[in-house]
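Each chain is listed here by its residues.
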Amino acid sequence: MVHNIIESAFTFDNQQLILTQRDTFPFWRWTRQALGLPGMLLGWSPMIRSQVRAKAAGNLAAYLARKPG
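Residues numbered from 1 in each chain as written. Predicted model: local features only at pLDDT ≥ 70, side-chain atom pairs only at ≥ 80, totals over all residues. Heavy atoms only, no water.

1. Section: the pairing of strand E2 (residues 18-24)
The two faces of a sheet get side chains in turn, since along a regular strand they alternate between them.
Item 1. Note that strand E1 (residues 7-12) and E2 share 6 bridges and pair antiparallel. Its bridge partner being in E2, Phe12 is matched across the sheet by Ile18.
Item 2. The loop that links E1 with its antiparallel partner E2 comprises 5 residues; one of these, Gln16, has a positive phi angle of about 65 degrees. (Pairing = 2+ DSSP bridges. Helix = DSSP H or I, 4+ residues; strand = E, 2+ residues; numbered from the N terminus.)

And the structure:
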């Protein structure tokens, strides 16, 4: 189980639709919980951060590809 406290910042258009969203959280704390020992040992490294970002971007792209409209 992962307990991650996230702070989000949004910008909205005139119709109150979300234009951008930026989340911030303690990445190393998250990797320790989500990845276990590898996260504890390597969660601070740029390599792990890059891998997590790439996977998240891939998941988002796959979601957007199957979303209608």
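Once the structure has been displayed, the description carries forward.
2. Side note on the confidence of the model for the protein chain
Item 1. Summary statistics for the protein chain give a mean pLDDT of 92 and a share of 99% for residues scoring 70 or more.
Item 2. Of all helices and strands in the protein chain, the one with the weakest mean pLDDT is helix H2 (residues 37-42) (90), whereas E1 scores best (98). (pLDDT = per-residue confidence, 0-100.)

3. A short note on unusual backbone geometry
Item 1. One non-glycine residue with positive phi stands out, namely Gln16, at about 65 degrees.
Item 2. Here Gln16 lies in the loop between E1 and E2.
Item 3. Owing to a relative accessible area of 57%, Gln16 belongs among the exposed residues under this scheme. (Buried < 20%, exposed > 50% of the residue type's maximum accessible area, 1.4 Å probe, protein only.)

4. Comments concerning the packing of aromatic side chains
Item 1. The tally for this structure, following the rule as stated, stands at 4 aromatic pairs.
Item 2. When the centroid spacing of 6.4 Å and the interplanar angle of 40 degrees are considered together, the rings of Phe25 and Phe27 count as tilted.
Item 3. Relative accessible area serves as the criterion here: at 33%, Phe25 is assigned to the partly exposed category.
Item 4. The exposure class assigned to Phe27 is buried, which follows from its relative accessible area of 9%.
Item 5. Within the aromatic cluster, the residues linked to one another by ring pairs are Phe25, Phe27 and Trp30.
Item 6. Looking at Arg32, its charged tip hangs above the ring of Trp28, at a distance of 4.1 Å from the centre.
Item 7. Arg49 extends its terminal NZ or CZ atom over the ring of Phe27, reaching a point 4.4 Å from the ring centre. (Phe/Tyr/Trp six-rings, centres within 6.5 Å; stacked < 30°, edge-to-face > 60°. Lys NZ or Arg CZ within 6 Å of the ring centre and 35° of its normal.)

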